[in-house]
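Listed below are the residues making up each chain.
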Amino acid sequence: MEEKKTSSVSDVGAWAMNIFSSIGIIMANKQLMSPSGFGFVYATTLTGLHFTMTAMVGLASNAAGYSSSAAKHVPMLELIWFSIVANVSITSMNLSLMLNSVGFYQISKLSMIPVVCIMEWILHGKNYSKQVKMAVGVVVIGVGVCTVTDVKVNAKGFLSASVGVLSSSLQQISIGALQKKYSIGSFELLSKTAPIQAFSLLLTGPFVDYFITGKVVTDYSLSANAFFFIVLSCSLAVFCNLSQYLCIGRFSATSFQVLGHMKTVCILILGWLLFDSQLTLKNITGMAVAVVGMIIYSWAVEFDKQSKSKFINNIPPSKPSFSEEQSAFLQHQIDRDSVGKDLEAPQSK
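Only a predicted model underlies this, so the values are computations on that prediction, with no experimental measurement involved. (Residues numbered from 1 in each chain as written. Predicted model: local features only at pLDDT ≥ 70, side-chain atom pairs only at ≥ 80, totals over all residues. Heavy atoms only, no water.)

Caption draft 1: Here's a closer look at the overall build of the chain. Of regular secondary structure, the chain possesses 13 helices and zero strands. Along the chain, helices (α) and strands (β) appear in the sequence α-α-α-α-α-α-α-α-α-α-α-α-α when read from the amino end. A total of 349 residues make up the chain; the buried ones form 40% of that total. Here the chain displays about 20,300 Å² of accessible surface, and carbon together with sulfur accounts for 67% of that area. (Helix = DSSP H or I, 4+ residues; strand = E, 2+ residues; numbered from the N terminus. Buried < 20%, exposed > 50% of the residue type's maximum accessible area, 1.4 Å probe, protein only. Areas by Shrake-Rupley, 256 points an atom, 1.4 Å probe, with all protein chains shown as cover.)

Here is the structure:
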C-alpha cells in the first residue's frame, strides 16, 4: 500500500514538473522571441541550445556518479533514428507555425491525440475503451473551442503540419517504447539522445532559421538581458525534456497528450494575467469543457486498470491433469524405475 502511495506521489510530481517547466519555458521564450521583448527569433537554434544544456547536465551527472552504475546499452542506430524523428518534429512544427494561421496550427496540435491513438494501435496493438475514446473527444472539443480562432491553410502549410504531427506522435511513442525495450530510465535515455540532437540542431539550426525567418543568427546583437533569458530558457528546457520522458515512461503517449492540454489552459490563464491577453466567454467555456474531459479521461483510465485487475483475479486456477493420488502414484513409479535402472547399470572399471 505504501509503495503504491509513493508511486502515485512520483506520478503527480512528474506531471507537475512537466506542467510548470513547460509553462515557464513558454513564458521565457515569449519574452525572448517576441518583437516587444528581445527579438531572438531563431527557434531551431534555441532548441539546439536547449539540448546542449541537457547534454551537459547528463554528462555532469554521469561524471558525479548520480546515474545508474549499470548503464544500459541502446544501439546507436536506434538513437540516431530517434534523434532524426525528434529533429524533424521540431523543425516541421516551427515551419507549420510560420506558414499557417494560429487556428490551423492549434488544430494540427489537437490532431496529435487521435494520431497517437492510431499509431499505438498499429504499432503496439493497443486498444481503447469507449470511456477513454469519449474522454479524448471531450478534451479535443474543449481545447478546440478555447484555442482555435481563424483557420487558414495552404499546401505548404498543410504539408509541414502533417509531417510535424506524424513525427511528433512517433517521437512520443518511441520514448516509451525504447524505455520498455531496453529497460532504461528516463534520464539515462535522455542523456544518450540529447548530445546527438544538440549537435545536429546546432549544425542545421542556423540554416533552418534563415529559411524560416530570413535572418542570420550571427547578426543578432546579444545583450546581457537576452543572454539571461537564453540561459533561463535552456535551464527550464532541461526540466521540460526530463519530465516529458518521465511522464511518457510512466504513462503513455496518449495520456501525455490528453493531460498535457492542461498546460494550454494554464497558458491561456497566465497570458490573461501577465500579458493582457483577452479571455472571452468562448475561452472560458472551452477551458471548462477541456478540464471536464481530462477528469473523465483520468477516471476512464483508472476504471480500465481496475477492470483488468478484477478480470485477472477472477480467472480460476488451471486444474491439474491428474488427481493428487494419480500424481503421487506416477511419481512413485518414476522414482522406483530410476532406482532400478541405477542398480542394473554396469559399474565402470
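Caption draft 2: How the structure looks around the confidence of the model for the chain. Model confidence for the chain is summarised by a mean pLDDT of 75, while 65% of its residues fall at 70 or above. By mean pLDDT, the top-scoring element of the chain is helix H8 (residues 186–213) (89), and the lowest-scoring one is helix H13 (residues 324–344) (49). Low confidence marks residues 338–349, where pLDDT is under 50. Its contacts with residues over four positions away, or in another chain, come to zero contacts. (pLDDT = per-residue confidence, 0-100. Contact = heavy atoms within 4.5 Å.)

Caption draft 3: Examining the packing of helix H2 (residues 43–64) against H8 more closely. Packing of H2 against H8 brings their axes to within 7 Å, and their N-to-C directions diverge by 150°. It follows from the interaxial angle that H2 and H8 lie roughly antiparallel. Handedness of the crossing formed by H2 with H8: left-handed. Here the residues of the contact of H2 with H8 sort into 14 nonpolar, eleven polar and one charged. (Axes fitted to C-alpha atoms, helices over the stretch in contact; angles between N-to-C directions. Parallel < 35°, antiparallel > 145°, perpendicular 65-115°, else oblique. Left-handed = near helix turned anticlockwise from the far one by under 90°. Nonpolar A, V, L, I, M, F, W, Y, C, P; charged D, E, K, R; others polar.)

Caption draft 4: Layout of the environment of Ser 61. The topology assignment puts Ser 61 in helix H2. Separated by 126 residues in sequence, Ser 61 and Phe 187 have C-alpha atoms that sit 9.8 Å apart.

Caption draft 5: Focus on a nonpolar patch on the surface. Together, Met 76, Ile 80, Ile 84, Val 88, Leu 159 and Val 163 make up an exposed nonpolar region whose accessible area comes to about 500 Å². Among the secondary structure elements, those contributing two or more residues to the nonpolar patch are helix H3 (76–99) and helix H7 (155–182). Sort the elements by how many residues they give to the nonpolar patch and H3 lands first, with four residues. Its location among the elements puts Val 88 in helix H3. Residue Val 88 is classed as partly exposed on the basis of its relative accessible area of 34%. (Patch = residues over 30% accessible without salt bridge, like charges linked within 9 Å, V, L, I, M, F, W, Y side chains within 5 Å. Salt bridge = Lys/Arg side-chain N within 4 Å of Asp/Glu carboxyl O.)

Caption draft 6: Region of interest: the environment of Ser 22. Within the fold, Ser 22 resides in helix H1 (residues 2–33). The buried category is assigned to Ser 22, whose relative accessible area is 5%.

Caption draft 7: Broad picture of helix H5 (residues 112–124). Its 13 residues give H5 an end-to-end C-alpha distance of 17 Å, which sits within 8% of 18 Å, the value for a rise of 1.5 Å per residue. Count one or two residues on from H5 and you reach Gly 125, which has phi positive near 65°. (Expected span 1.5 Å × (residues − 1).)

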